Amino acid sequence: MNNRFNFIRSTGQLLLCSALVLLLHSCHDSFDFELPEANSKLDTVLPSADFSYISNADDFTLVEFTNLSFESTQYQWDFGGGNTSTEVDPSFKFSGEGTFPVTLTATDANGASDQVMIEVVVENIFVAITPSIVNGDFEDGQNDWKFSSFTDGTTSPFNSSSDGSWLDYDGADTGAKTGGAKWTMSTSAEDYVSSNTRYAYQALVVSPNTEYVLEYEYAIKNDGTQAPGDNRIVGGIIDGHFEDGKDAIVSFNAEPLLKFVGDMDLGKGVFTTVEAKFTSNATGEVAILIYGVTDVDAYVDNVKVYPAE
Amino acid sequence: MSVKLTNYSNNSIWTFGLMILLLCLPFLSRGNTHLAEAPKPITGTITSIESGLPLIGATITVKGTSAGTITDVNGNFSIDAEEGAVLIITYTGFKMQEVTVGAETVYNVVLQPDVALLDDVVVIGYGTQKKSHLTGSVSKVENKNLDQIAVARVDEALIGQVSGVNIQASSAEAGAAPTITIRGFGSVNANTGPAVIVDGLVVDADFLGNLDMNDIESFEILKDAASAAIYGSEGSNGVIMITTKSGQAGKTQFSYETYFGRKEAFGSDAYKKSVAEWAAKELAENGELSNTTLYAQEIVAVTGIDRDWQDVFFDGGNISSHSFSARGGSDRTTFSASLRTLGDEGVVITDNYRIYAGKLKMDTRITDNLKFGLSATPSYSKRRALPTSIHNPIRQSPWLPIYHTEETLQFIDRNAYPDVGVGDYFLENHLINRDINGDGSSSRPRTSGDMNPYAQYVEREHYEFRTNLLASTYLNYEIAEGLTARTSLGITLENRKRTRWNGTLHHAQASRASYQLQNRSRTRLISDNTISYNKQVNKHEFNVLVGATFQRRQTENSIVEGTGYANDLLKNLQGATTISEFEEINIEKNKIGYFGRVNYVFDNRYLVNASFRRDASSVFGVDSKWGNFPAVSVGWNAHNERFLNEGDLLSRLKFRVSYGLTGNENFNVGDDIINSYPYLALLNTSNAITENGITPGISALNIANTLLQWEASREFNPGLDFGLLENRITGSIDYYVRTSDKLLLENPVSYVTGFSGGIVNLGEVRNSGWELELRTRNFTRNKFSWSTTLIASTNRNELLNFGESDGALLEDGFGRNSQWINSVGNPISSFYGFVVDEELANEFWDSPWIPINGTAEDVIVKDLNGDGLITEEDKTILGDPYPELIWSLTNEFSYGNFDFSFMIQGSLGAEVKNIGDQYFETHWQGRTSDEQAVVDAGIIPHVSFLQPKVLTNDVVQNASYFSLRNVNIGYNFSRELLSRWGLGGLRVYASSQNLFYITSDEYDGFNPEFIDTNNSPRAYGSQRAGTPLFRTVTFGLNVDF
Amino acid sequence: MKYIQYILLAGILSSFLACEDEFLNPLPDSAIVVDAFFQSDDDVLAGIIGVYDAIQGVNENTNTSLISSNRGIQFEYMLSEMRSDNTRTATLEGTKADFHRYRVDPDNVQSEDYYQSMYDIIFRANNILNFINVADESNQSLYAAEAKFLRAFAYFKLVRLFGDVPLVTRVVGAQENEDLFTRVPAEQIYDQIVADLEEAVDNLEAGSKSRASKAAAQGLLAKVFLTRESPNYSGAQQLCEAIVNSGAFSLQENFRDVFYEELNDEIIFAVQYELGNTLESQSFSSEFTATFRQGREDGHNMVNDNLIAEFDAIGGNRTAESYWFTGTWYEVTKFLPEGSDITTTPPTYGPSPRDAGNDWIVLRYADVLLMHAEAILAGGTETASSAAIDSYMAVRERAGFDSIADRPALLTKDALLAERRVELAFENHRFYDLLRFGVADAVLGAHAAEMGYSSYSARKLLLPIPAREINLSGGLLNQNPGY
């Protein structure tokens, strides 16, 4: 009797115990980990504005900006003159070379913001070609200075001479004469022009429409007579490359890119340095032309062409 | 009630405990009728409720008469008494019981132990102690039916048996070790497993795999520091003490125990795959099917294969065990010998485990006061391990056949694969250049490329062979009354050979074939020497112990790898043409310990226990080798006070408080040499190739820490043991706070130093929690009895100090960047990342349906600081891998010769980082490349709002579960039958593990308890779905003769 | 009988106590204790070799551990080549697929590993510099120069990929946060690099190709000169000419031989590997395969179409040797594992493709020639210098172009960049070239737009400082913008 009763009660207890277990697990979500909500944290890292810029390769006035701001979502650019942008990485075309203050304001969604002003320097950073002059110091013969042909004339460019400048090509004083080019009355041009007239010619490729300097040294003896219009060394730049010297001279006389007449006759071995500016043509294909018009011996050495500063 | 529970706190545990208490509150059954009758022969058996074994020599007398008898060796008796007479059964250590003779003539009486009288003895460090004298927190588990739980290792059988001990089936592979933590993770980098001590000898924890449960008498778990402090540096994570059975003097007892069982895996529905399902989804979404889908359908049409790979890989398996033992001896010498073999096929294809273990234990009394004993426990095991994590093969395309058939050959691009024939492995890559609809696109659903998932497993053979021997001898000399000296020498030998054969067919490229041979030989020599003195002067009991212990551990590791295999004929180095790797590392760790303990008891009421240990370890710096580990604990047996011991209600009440220090010397920074010689600045060879030849080079190996010292834990543990209603209700409640500081941890340092980290003593972690053990004998009647055991424990883990590394983030070992944080105020290795706001609509995925059941890898996350963009600041703690509550509820019934018991066991409040979805839903395939489009669509304010799921709480899943861990129903044949068959005992039983196993709804994987191997304590609790849990059903037989 | 006990106990006790000191201080036999080392010239040399081991890195195929992995330069193609317009990954799996889409996160594993690797090189170099005086008098300046060359090598990589980075020229302790976490301006780091390399140029000798040599230092310094904010063109030109005039190097007749004949005449400095040796081999050879995958991943360095177009235009005979079409992907063939045969179907990749032995070419003669032209070009858009054009043509002629017919009157910057792209494709030059030529943003911006890599912005030209380092720095270290 009693026993059965107990037995039922006991089983009851067992069931309840198990029920309890299930109950406990039924609310196991109570053991779930509580995750924070949006905007529940304080923002400790605030925006900081910064940027860098670089000129466009083709158009240096078009400046491309790179946004280097931290912790921000919106951007306000001020390029001056009322020009603004809200792009992240805008580009802006400035009027020309110069220095322009540009301001960037970086803001985050909480409204925190930071501002930076940077002086943007806009300049043309084009680097002109430095042509290399072959045998510019006339140390190894005449070949590099020849026209490939010369109608009714000679292709030999000058008289070789050992009475060149005391300076070597790099401008260092050698303490002795170096090789050079020489002109005499018989090889002179213009008033003395003949089939024997000699022109030093070398074709160059330079950057188009760019300012260059033609540099060379010359010396003229000062003993004896003067050629009509004074003894002189003419150095210049021809507009274009020419196979035939004849055409070159025509072009040169008609429209040279540079024609410099040097008449300092300070005597043999006393060289004068010429630095004559010229602007290259649209193709960049130009040529050096040097000749003498002189009764007495005249000398040329260390011919250089380089971009004007 | 449920409200109370919803805001979890220690109270809810109380509520929980109380509920059980109330519900299961038993009540005494009385009342019996009187009818006068003539004497008649009464027979029956007297057994003990504890052991269920017959009580030999119990006295039976008829009340009010002189008639009496005693039970025989089988506990049987016969006596004449008339109906209505009252039989009085008495037996020392048991409560006297009265039985009124009724109509029946057979009375099987089960006696209750009288706790007041009987005081069972508990094994403690370097000795034993009366349970009533315990002042620390020690749980004892006797091996009643544990040996009937069909598991390959003894530790697996302990699940749910002891409060405060968390045993996780962290790998469900056959023969693989579970993870045991006692009272939480007390360490960050040091090892967190308890010390294991077999018959007084320290062994490596993995030795638990070599023991046969049938040999085990009992487990004692020293949980609090005061109890473990006598082991000093071994004890910081608790101690599991195992006592093995020894022989009894008298007739030799033979017994044979066996069981056969079947294991079946629980898969995961979340990871089921099928082309049909995927096509349906896609059709519903897009109204048309992509080429890739049509592609798969075409193949399915031919092969008829559209399968879930789980069905192939989770093939279930058998488990069987045979154990034979003989125990007995003379009055001078006793012995115990046993042999055992166990085979476990595991539930996944290819995994397999077999162990052969023997045990011999012999004790002999040379003279009256000189005892000598030796024991040897040899074992050999062979385990075939899974070659790769299980996620790998079963994430593959459902349409992929294992082998080619005549039909499937038509799909092959013969230019690329001229020689593939029928019966060869089918690789997805065989389909290259196959353009099904002539649109020039040969894009195919692709998940496995040139690995055949099946071949990936069966063509690789990864074995582990272990040969272990634990041998020990002792001399025990009783110098004088109560003064005993003992010296023992123990040797643990382990030879572990691992072979990893990757066959020529496991991958499309035969050149991938390789073989690795790993040999590890470990020896541990221990000499324990103690002198103890016991004295009882009327009410004063003393127990004094002093001792010294010496330990030498040596490990020799070597690895050789061979490549260049032409075929599978020689699956070892013989077949190799190139030796591609070789390594040899030998290490040595030594230790010296001196210890002493005083134990004083006054009148069984006031208990004091103090111990001290001083240890030196070779691991630490020259000037910091020595550590001191004192402990003190006191207890008060209140029930022995005069003012309390009246009345039945309160039969036991003991208050205990203990405080102690323990240490830890073991840590793992992934390099055995650094683990052993961290205080030395070391160089290792780092050669380079110059002038086409190898040139010897060296480079610094570590940041030496000359001051490295013990990691110290101090634990405070108040506790209460109680017994109510003549111990029908017994139990204990413990609270503990364990603070470990000077943690041995690998502190990450800036790469700029040239190192990634250095081992330091840094940081402080606290574990605290409640433990409840409640045992009730709900109902006891001579035929029927029912008892309930409830075990529950809570743990809270908190990092108190982490120095420089506070807030340090760690990434998982899978290169998927999911993160952990170690920050003060939170549990160590908390999961860390973004909080998911919403899923990303699949119009933005690159390929939502490809290759198979894909989902977007990206999700939209919450902007926690509202600044309009997602940064590190918007990451937060997403959970932690430590359960807040683990519990078990056991009920045991017996009715006559039948008994039935079951245990429900569960865990609550842990999370697990399961990146299984990453693989099974092939997330990376779905990651959107065009974040801007989502912004432009006005769905998110900024691209950073799109984050990979693996960085969010999407992969952090609730790991709570509860399961019917064990069910056991058995029948013990009656003495009559047995004696007729000449047997001492015969039991048949059926048992089952995990008959059901219920996980949280949000958990997708195969096993919420699984912990992947490339976890470190600082980045703990991650898995790739894990190896599957399983249900085991076994039938067993125990015979004694 | 009675005393056995004591004797035994005493015996055991004494046996241990006797040698307690030894017992508690065992010495390792599998590693060397520092105090016992660095006694001789050979020891220092071993330390130097140890630095090369750091550059060589650990093969990911055979040591997959992420814990202390140090892949050295084996991962560099991800950080450079795949972040250029040259290549991408086959699938989008994992963090390795983030590079070509410019969506590398601060906690990207590979980027972090590379950062770690470079500082490991720097540490080993700094460390051995402390022991130089142990070496023979005659070798001291040589060893110091070698260590500094290697240090400069690492910093040069770091400063281009990560921008301002911490600069340490000595061994620093884990607590010296100032040095560990202060980002030093790139220009300052370049000053250090130049100083180290100039010392290397002065003290290193000619000879080795697999270790630092004078020419290697000259070549590297030339590249540094060209890379700096204010380039030193004439300096670079002279260095390149010094290498040319040394006469020690020459272009291989056959382009293929550059990659398949180790340490050939064209190689100036290469990091060497050994086939089949898990410790000394590399993984990238196998990772460059996709269709018949050899590596761990689904395929890396898959060739982009616009590079193929470039090859079609100016590749010459290099095209056939640089990549092949598998039917599915265009795959790199400059580093096919030893024993590969891609002419068979299916192709074979030799005995152990995952432990490949192909060297990694850091500097070769063709690179120097093209740098020579670059130096003369001097940042201009074009040059007529015959010297420049000669160097340029030398490389092209080897590629099968005609020395007269194909010789341009003008060498333009674009032509030079394109030439470098095809000649040095897949050798991790493209990304750095784009930076050096100042067109990285323009070119990669267009490339990203074409490929739909919407994450791209000019900010992505710098990789993020590893989150781990920032995390450890306690606020000292700040991140690059855009991350």
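Residues numbered from 1 in each chain as written. Chains lettered and ligands numbered in written order. Predicted model: local features only at pLDDT ≥ 70, side-chain atom pairs only at ≥ 80, totals over all residues. Heavy atoms only, no water.

1. Description of the overall build of chain A
We count it as follows: Only DSSP runs of H or I reaching four residues or more are called helices, and only runs of E reaching two or more are called strands; each is numbered from the N terminus. Note on exposure labels: buried denotes an accessible area under 20% of the residue type's maximum, exposed denotes more than 50%, and partly exposed covers the range between, all computed with a 1.4 Å probe on protein chains only. Whether two residues touch is decided by their heavy atoms; if any such pair falls within 4.5 Å, the residues are in contact. In these tables, accessible area is a Shrake-Rupley quantity obtained with a 1.4 Å probe, and a residue counts as shielded only by the protein chains included in the view.
When helices and strands are tallied, chain A shows two helices and 16 strands. By the burial criterion, 48% of the 309 residues in chain A qualify as buried. Counted over contacts in chain A with a minimum sequence separation of 6, partners at least 24 positions apart contribute 69%. Roughly 14500 Å² of accessible area belongs to chain A as shown, and the carbon and sulfur atoms make up 52% of that amount.

2. Details of the overall build of chain B
Filter applied, for reference: For this count, His and the chain ends are skipped, Lys and Arg are scored as positive, and Asp and Glu as negative. Every charge is mapped to an atom, namely NZ of Lys, CZ of Arg, CG of Asp or CD of Glu.
Along chain B, the regular secondary structure elements total 14 helices and 56 strands. In terms of principal-axis extent, the alpha carbons of chain B reach across some 105 × 70 × 65 Å. Buried positions account for 64% of the 1041 residues belonging to chain B. Of the contacts made within chain B by residues no fewer than 6 positions apart, 70% connect residues no fewer than 24 positions apart. Of the roughly 36400 Å² of accessible surface on chain B, 54% is carried by carbon and sulfur atoms. Here chain B contributes 86 positively and 122 negatively charged side chains, and the mean placements of these two sets differ by 9 Å.

3. Describing the interface of chain B and chain C
Selection criterion: Two parts placed together each lose some accessible area; with a 1.4 Å probe, that loss summed over both constitutes the buried area. Each salt bridge in this description consists of a side-chain nitrogen of Lys or Arg and a carboxyl oxygen of Asp or Glu lying within 4 Å of one another. Within 3.5 Å is the distance limit for a polar contact, defined as a pair of N or O atoms, with the added protein rule that one can donate a hydrogen and the other accept it, and that residues adjacent in sequence qualify only through two side-chain atoms. Lys, Arg, Asp and Glu make up the charged group, whereas Ala, Val, Leu, Ile, Met, Phe, Trp, Tyr, Cys and Pro make up the nonpolar group; the residues left over, Gly among them, are polar.
Contacts between the two partners involve 103 residues from chain B, matched on the other side by 97 residues from chain C. Summing the contributions of chain B and of chain C, the shared interface buries around 8400 Å²; its carbon and sulfur component is 56%. Our count for the contact surface shared by chain B and chain C stands at two salt bridges. Across the salt bridge formed by Arg103 of chain C and Glu931 of chain B, the nearest N and O atoms sit 3.2 Å from each other. Taken together, the connections running from chain B to chain C amount to 30 residue pairs in polar contact (both at pLDDT 80 or more). When residues of the side of chain B that touches chain C are assigned to their parent elements, the largest contribution, 12 residues, is made by strand 26 (residues 578–602) of chain B. Classifying every residue of the side of chain B that touches chain C by side-chain character gives 43 nonpolar, 37 polar and 23 charged.

4. Section: helix 2 (residues 245–254) of chain A
Residue and element names in this part refer to chain A. The condition that has to hold: Think of it as the arc spanned by the lines of direction from the helix axis to the C-beta atoms.
Three or more residues of helix 2 are buried, namely Gly245, Ala248, Ile249, Ser251 and Phe252. Along helix 2, the residues classed as buried sweep out an arc of 165° about the axis, all on the same side. Within helix 2, the exposed residues directed more than 90 degrees away from the buried face are Val250 and Ala254. In the core, the buried residues of helix 2 are packed alongside strand 12 (232–239), strand 13 (258–262) and strand 15 (285–293). Between the side-chain oxygen of the N-cap and the backbone nitrogen of Lys246 there are 2.8 Å, and the N-cap of helix 2 in question is Asp244.

5. Describing the environment of Gly52 of chain B
All names here are of chain B. Looking at where Gly52 falls in the secondary structure, it is placed in the loop between strand 1 (39–48) and strand 2 (59–62). Of the residues examined, Gly52 reaches a relative accessible area of 43% and is grouped as partly exposed. The residues contacting Gly52, other than those within four sequence positions of it, are Thr47 and Arg975.

6. Remarks on the sheet that holds strand 6 (residues 97–100) of chain B
Residues and elements named next belong to chain B. Put simply, the rule reads: The pairing criterion for strands is at least two bridges between them, as found by DSSP. Axis geometry follows a simple rule: fit a line to the C-alpha atoms, using only the stretch in contact for helices, then measure angles between N-to-C directions, giving values from 0 to 180 degrees.
Reading across the sheet, the four strands line up as 3-2-5-6 and stay open at both edges, with antiparallel pairing between neighbours. In this open sheet, the two strands that pair with only one neighbour each are strand 3 (68–70) and strand 6. With direction set aside, neighbouring strand axes in the sheet form an average angle of 20°. Of the pairings in the sheet, the one linking strand 2 to strand 3 comprises three bridges and is antiparallel in character. In the strand pairing of strand 3, Thr59 is matched with Ile70.

7. Section: helix 15 (residues 365–377) of chain C
Residues and elements named next belong to chain C. This is how it is decided: The span expected for a helix works out to 1.5 Å for each residue beyond the first.
For helix 15, spanning 13 residues, the distance from its first C-alpha to its last is 18 Å, which sits close to the expected 18 Å at 1.5 Å a residue. The element helix 15 is extensively covered by neighbouring structure, given that 13 of its 13 residues are classed as buried. Of the residues one or two after helix 15, Ala378 is the one with positive phi, at around 50°.

8. As for the nonpolar core
What counts is decided by this rule: As used here, the term nonpolar core means buried Ala, Val, Leu, Ile, Met, Phe, Trp, Tyr and Cys residues forming a set that is joined through side-chain atoms within 4.5 Å.
Core analysis: the largest hydrophobic core is formed by 139 residues, its most contacted members being Tyr115, Phe149, Leu158, Phe162 and Ile193 of chain C. Tallying contributions element by element places helix 6 (residues 137–162) of chain C first for this core, with 15 residues. The residues contacting Phe162 of chain C, other than those within four sequence positions of it, are Leu79, Ser111, Tyr114, Tyr115, Arg183, Leu462, Leu463, Pro464, Ile465, Pro466 and Asn480 of chain C. Judged by nonpolar contacts, the second largest core, of 58 residues, contains Val347, Ile402, Leu840 and Val859 of chain B.

9. Focus on unusual backbone geometry
All names here are of chain B. The backbone of Thr350 sits at a positive phi, close to 75°, despite the residue not being glycine. Here Thr350 lies in the loop between strand 19 (333–344) and strand 20 (352–367). What makes Thr350 buried here is its relative accessible area of 15%. Backbone geometry at Ala1025 places phi at a positive 75°, although glycine is not the residue there. Examined against the element boundaries, Ala1025 turns out to sit in the loop between strand 55 (1022–1023) and strand 56 (1030–1040).

10. With respect to the packing of aromatic side chains
Inclusion rule: Aromatic pairs are defined between Phe, Tyr and Trp rings, using the six-membered ring for Trp, whenever the two ring centres lie within 6.5 Å; interplanar angles under 30 degrees are classed as stacked, those over 60 as edge-to-face, and all others as tilted. We call a charge positioned above a ring when the Lys NZ or Arg CZ atom is no farther than 6 Å from the ring centre and deviates by at most 35 degrees from the ring normal.
Applying the stated criterion across every chain, the model contains 77 aromatic pairs over all chains. Measuring from centroid to centroid gives 5.2 Å for Phe255 of chain C and Phe259 of chain C, while their planes differ by 75°, and the two rings are edge-to-face. Just as Phe255 of chain C is buried, Phe259 of chain C falls in that class too. Residues Phe284 of chain C and Phe288 of chain C carry aromatic rings whose centres are separated by 5.8 Å and whose planes lie at 35° to one another, so their mutual orientation is tilted. Assigned by exposure class, Phe284 of chain C and Phe288 of chain C land together as buried. Taken together, the aromatic side chains of Phe51, Tyr53, Phe65, Trp77, Phe79, Phe92, Phe94 and Phe100 of chain A make up a single cluster linked through ring pairs. The residue whose ring lies beneath Arg486 of chain B is Tyr474 of chain B, and the NZ or CZ to ring-centre distance is 4.2 Å.

11. Regarding the confidence of the model for chain B
All names here are of chain B. We apply this condition: On a scale of 0 to 100, pLDDT captures the predictor's confidence in every residue.
When pLDDT is averaged across chain B, the result is 85; 91% of the residues are at 70 or more. Note that residues 1–36 has pLDDT below 50 and, in this model, 66 contacts with residues that lie over four places away or in other chains. Complex prediction metrics read pTM 0.82 and ipTM 0.83.

12. Quick notes on the sheet that holds strand 33 (residues 698–700) of chain B
In spatial order, the strands read 33(B)-30(B)-1(C); together these three strands make up an open sheet with antiparallel pairing. Each of the sheet's edge strands pairs with one partner strand only, and the pair in question is strand 33 of chain B together with strand 1 (32–33) of chain C. Pairing geometry for strand 30 (residues 682–685) of chain B and strand 33 of chain B, over three bridges, is antiparallel. Paired with Leu683 of chain B across the bridge in strand 33 of chain B is Ala700 of chain B.

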